[in-house]
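Structure at a glance
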Amino acid sequence: TMDDCNKNTLIPSNTTVGSWWENAYKLIYSANSIIERCEESTSLVEGDKNQLIAEALFVRSLLHFNLARVYGDVPYIPSTDYQINAKISRTAEITVYQKIIEDLLIASDLIELDYITNDRTRPNKAVVLALLAKVYLQVQNWESARDTANMIINQSEMYPWNDNLDLIFLKESKTTLWQWAPKYDGYNTREGQSYILIATPPVSVTLNQMLVDSFDPSDLRRSKWIGTISDDSQRWYFPFKYKQKNQTASSQEYSIVFRLAEQYLIRSRAKLELGDIQGSLADLNKVHKRA
């Protein structure tokens, strides 16, 4: 059914697109349930309660944000009350973003900067701010996008810049804000499993030749982050940011959702829109030079 997306032949019965909608709202319901149960709890200590509510607000925000970017106007669902939810119609896209911003500001006040796990798989304040910066960029609130990204970039001890492309996508990378752990230790990423090619002819997706050719020969992303496989007559290319396709003795790579470089690009765009050309170039070139 994903082939319908590639060929621009989507019809209402497409089950893949339908599942994006259905699964997102199931998860939104779960997030709302966590928020409501935590707010009602008399046994949770305040720090744990705040962390859980903030995480649930963040997840609810991320889901609504992705839904709005895919579908436009979508229902914004802030509770588990089925009688209310049954009557909610689609909310204007800009209103969805405004509600997300409100939720993320609350979450950022509730959550701490310190991670509660060492592997950065649970959100912290910087992760909440990273999504907030993206939403501000989406609604063209350039000053807030710049200032929010700046708060993350300024945490240079927690998120130091790294120029070594070989290290960026390892699970220990300090440029990662938030990542998802695989289900079992020794497993690696679904991205690596899906995209790394080990046999010809490929049975899954490959990179478009025009995309590959668009890289400058000196671009390190071309040599470091694009893999090649060939037979006697043809060559194919694949994404190679993640290096592990199969299991390893212990997991080496987690799926990265937010990372530091994105915040530099958000701040660069915001500065550009605000007329700070030199500041915008400095941020853009920070990322560009590494490549």
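Reference entry: report on the structure contained in this document. These numbers come from a predicted model, not from an experiment. (Residues numbered from 1 in each chain as written. Predicted model: local features only at pLDDT ≥ 70, side-chain atom pairs only at ≥ 80, totals over all residues. Heavy atoms only, no water.)

Quick look at the pattern of salt bridges
Applying the stated criterion across every chain, the model contains twelve salt bridges. The closest approach of N and O atoms between Arg60 and Asp103, which form a salt bridge, is 2.9 Å. A residue pair is termed long-range when its members are at least 10 positions apart, and Arg60 in helix α3 (residues 46–71) and Asp103 in helix α5 (residues 93–110) qualify at 43 residues. For the residue pair Arg60 and Asp103, the accessibility class agrees, reading buried in each case. Across the pair Arg267 and Asp283 runs a salt bridge, and its minimum N-O distance is 2.7 Å. With a gap of 16 residues between them, Arg267 in helix α11 (residues 260–273) and Asp283 in helix α12 (residues 277–290) connect regions that are remote in the sequence. Side by side, Arg267 and Asp283 carry an identical accessibility label, which is buried. (Salt bridge = Lys/Arg side-chain N within 4 Å of Asp/Glu carboxyl O. Helix = DSSP H or I, 4+ residues; strand = E, 2+ residues; numbered from the N terminus. Buried < 20%, exposed > 50% of the residue type's maximum accessible area, 1.4 Å probe, protein only.)

Things to note about α3
Taking 1.5 Å per residue, 26 residues should reach 38 Å; α3 reaches 37 Å between its end C-alpha atoms and fits that length. Gly72 occupies a position one or two residues after α3 and carries a positive phi of about 85°. (Expected span 1.5 Å × (residues − 1).)

Some details on the pairing of strand β2 (residues 226–230)
Taken together, the five bridges between β2 and strand β3 (residues 235–239) define a ladder with antiparallel strand orientation. Looking across to β3, one finds that Thr228 is bridged to Tyr237. The antiparallel hairpin formed by β2 and β3 contains four residues in its connecting segment. (Pairing = 2+ DSSP bridges.)

As for the side chain of Glu36
For Glu36, the location among the structural elements is in helix α2 (residues 15–40). Other than its neighbours up to four places away in sequence, Glu36 contacts Pro78, Ser79 and Thr80. (Contact = heavy atoms within 4.5 Å.)

Some words on a nonpolar patch on the surface
A cluster of nonpolar residues, Leu265, Leu272, Ile277, Leu281 and Leu284, forms a patch on the protein surface that exposes about 390 Å² of accessible area. When contributions to the nonpolar patch are tallied by element, the ones reaching two or more residues are α11 and α12. Top contributing element to the nonpolar patch by residue count: α12, with three residues. Its place among the elements puts Ile277 in helix α12. Overall, Ile277 belongs to the partly exposed group, its relative accessible area being 41%. (Patch = residues over 30% accessible without salt bridge, like charges linked within 9 Å, V, L, I, M, F, W, Y side chains within 5 Å. Areas by Shrake-Rupley, 256 points an atom, 1.4 Å probe, with all protein chains shown as cover.)

Some details on unusual backbone geometry
The amide bond that connects Thr200 to the next residue, Pro201, takes the cis arrangement and shows omega of -10°. Along the chain, Pro201 turns up in the loop between α8 (190–195) and α9 (209–213). Phi angles above zero are rare outside glycine, and Arg120 is one such case at about 60°. Looking at the secondary structure, you find Arg120 in the loop between α5 and α6 (125–138). For Gln140, which is not glycine, the phi torsion reads 60° and is therefore positive. Tracing the chain through its elements places Gln140 in the loop between α6 and α7 (142–153).

A short note on the packing of aromatic side chains
Taken as a whole and judged by the stated rule, the model has twelve aromatic pairs. Note on Trp21 and Tyr71: the rings are 5.0 Å apart at their centroids and 85° apart in plane angle, and the pair reads as edge-to-face. Placement of the pair is Trp21 in helix α2 and Tyr71 in helix α3, with a sequence separation of 50 residues. Owing to a relative accessible area of 23%, Tyr71 belongs among the partly exposed residues under this scheme. Grouped by ring-pair contacts, the aromatic residues Phe58, Trp178, Trp180 and Phe258 constitute a single cluster. (Phe/Tyr/Trp six-rings, centres within 6.5 Å; stacked < 30°, edge-to-face > 60°.)

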